[in-house]
Amino acid sequence: MTDLLTPAEARERICELCRLFWQLGWASGTGGGISLRVGDTIFMAPSGVEKERLQPSDIFELDRRGRIKKAAPGKRLTACAPLFQAAYDHRDAGAVLHSHSLDVVLASMIVPAGEPLRLTRLEMMKGLEGVGYFDVHEIPVIDNTALEHELKDRVERAVLEFPRANAVIVRNHGMYVWGRDSAHAKTQAECLDYLCRAVVRMHAAGIDHVKNDRSEPGADATDAACAA
Ligand SMILES: [Zn+2]
């Protein structure tokens with residue numbers, strides 16, 4: 001499923017999401033990126049622009065394979081394009097977003113080298129696609145590179161290696177996150193941002209974010225019984 005938007009609406013929607021991301025501090029300093037797919041056309045914000053001032057005419061149109069169909073005059077295609085493509089190719093994503101959220105960056109610093117970010121027993125996990133409160137949900141964390149497009153192979157490997165995750169965190173950098181359509185990708189980004197903020201605050205408070213639970217023994221069973 002993808003957004004059911006006309007090309008003009010898709011361009012507007014990207015501008016709206018860029019303004020929102022900028023207000024949240026996820027796309028300041030020209031960072032971050034937004035793309036969405038309508039059928040076989042991928043709409044994408046350009047590189048190196050003030051995201052809060054983006055106009056519909058600034059948006060690129062690409063085909064399903066990532067080839068430019070319609071360029072934006074005077075603008076450059078974002079270096080995120082091949083990274084977005086990994087989620088379009090392997091997950092049939094309807095929208096892929098790139099956030100430079102500081103909370104995601106800080107959470108990535110807490111995760112040991114070679115390990116994923118593990119989340120458990122946080123209510124907001126239920127906002128993530130297919131994830132429950134008692135799950136230990138793993139989100140891949142890959143190391144950063146000097147140039148954004150050099151992340152391509154690492155992002156692709158992580159997308160394939162963690163089929164239950166709908167995001168890839170890039171250490172000291174931010175995250176790529178996707179969903180069925182732009183609304184779904186946006187809410188996934190919001191949930192993950194909240195969860196990363198929780199991990200950062202738990203770490204600061206000396207709480208182990210994987211063994212954080214002080215519920216009474218058997219609380220899982222009670223919860224399962226209630227759910228049944
Ligand atoms: Zn970036």
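Residues numbered from 1 in each chain as written. Predicted model: local features only at pLDDT ≥ 70, side-chain atom pairs only at ≥ 80, totals over all residues. Heavy atoms only, no water.

Draft legend 1. Focus on a nonpolar patch on the surface. Taken together, the side chains of Leu102, Leu106 and Met109 make up a nonpolar region of the molecular surface, amounting to roughly 290 Å² of accessible area. If you trace the backbone, Leu102 turns up in helix α3 (residues 102-110). Judged by relative accessible area, which is 56%, Leu102 ranks as exposed. (Patch = residues over 30% accessible without salt bridge, like charges linked within 9 Å, V, L, I, M, F, W, Y side chains within 5 Å. Areas by Shrake-Rupley, 256 points an atom, 1.4 Å probe, with all protein chains shown as cover. Salt bridge = Lys/Arg side-chain N within 4 Å of Asp/Glu carboxyl O. Helix = DSSP H or I, 4+ residues; strand = E, 2+ residues; numbered from the N terminus. Buried < 20%, exposed > 50% of the residue type's maximum accessible area, 1.4 Å probe, protein only.)

Draft legend 2. The coordination of the zinc ion, seen in detail. Bound to the zinc ion are the protein donor atoms His98 (NE2), His100 (NE2), Glu148 (OE), Glu148 (OE) and His173 (NE2), situated 2.1 to 2.7 Å from the metal. One chain supplies every donor to the zinc ion, and in sequence these donors are spaced H-x1-H-x47-E-x24-H. Taken as a pair, His98 in strand β5 (residues 95-99) and His173 in the loop between β9 (167-170) and β10 (174-179) lie far apart in primary sequence, 75 residues in all. Overall, the relative accessible area of 0% leaves His98 in the buried class. (Donors = N, O, S within 2.8 Å, 3.2 Å for Na, K, Ca; no water.)

Draft legend 3. Focus on the packing of helix α2 (residues 81-91) against helix α4 (residues 152-161). Relative to each other, α2 and α4 sit at 25°, their axes nearing to 9 Å. Classified by the interaxial angle, the pair formed by α2 and α4 is roughly parallel. Considering only the axes of α2 and α4, their crossing is right-handed. Note on element contacts: α4 touches α2 through Lys152, Val155, Glu156, Val159 and Leu160, opposite Pro82, Leu83, Ala86, His90 and Arg91. Classifying every residue of the contact of α2 with α4 by side-chain character gives six nonpolar, one polar and three charged. (Axes fitted to C-alpha atoms, helices over the stretch in contact; angles between N-to-C directions. Parallel < 35°, antiparallel > 145°, perpendicular 65-115°, else oblique. Left-handed = near helix turned anticlockwise from the far one by under 90°. Contact = heavy atoms within 4.5 Å. Nonpolar A, V, L, I, M, F, W, Y, C, P; charged D, E, K, R; others polar.)

Draft legend 4. Main features of the packing of aromatic side chains. Per the counting criterion, the structure on display carries three aromatic pairs. Both rings, one in Phe21 and one in Trp26, keep their centres 4.9 Å apart while their planes meet at 80°; by these two values the pair is edge-to-face. When sorted by exposure, Phe21 lands in the same class as Trp26, which is buried. With centroids separated by 5.8 Å and ring planes inclined at 70°, the aromatic side chains of Phe84 and Tyr176 adopt a geometry described as edge-to-face. Taken together, the residues span a long stretch of sequence, with Phe84 in helix α2 and Tyr176 in strand β10 at a distance of 92 residues. (Phe/Tyr/Trp six-rings, centres within 6.5 Å; stacked < 30°, edge-to-face > 60°.)

Draft legend 5. Representation of the nonpolar core in the model. The biggest cluster of nonpolar side chains holds 43 residues, and the ones touching the most others in it are Ile14, Leu54, Leu117 and Ile169. For this core, the element with the highest residue contribution is helix α5 (residues 182-204), accounting for 10 residues. Counting residues in each nonpolar core, the second largest holds 23 residues, with Ala72, Phe84, Val96 and Tyr176 among its members. (Core = buried A, V, L, I, M, F, W, Y, C linked by side-chain atoms within 4.5 Å.)

Draft legend 6. Quick peek at unusual backbone geometry. In this structure, Asp92 takes a positive phi of about 55° despite not being glycine. Looking at where Asp92 falls in the secondary structure, it is placed in the loop between α2 and β5. Notably, Arg121 is not glycine yet its phi reads approximately 55°, a positive angle. Inspection of the secondary structure puts Arg121 in the loop between β6 (117-119) and β7 (137-139).

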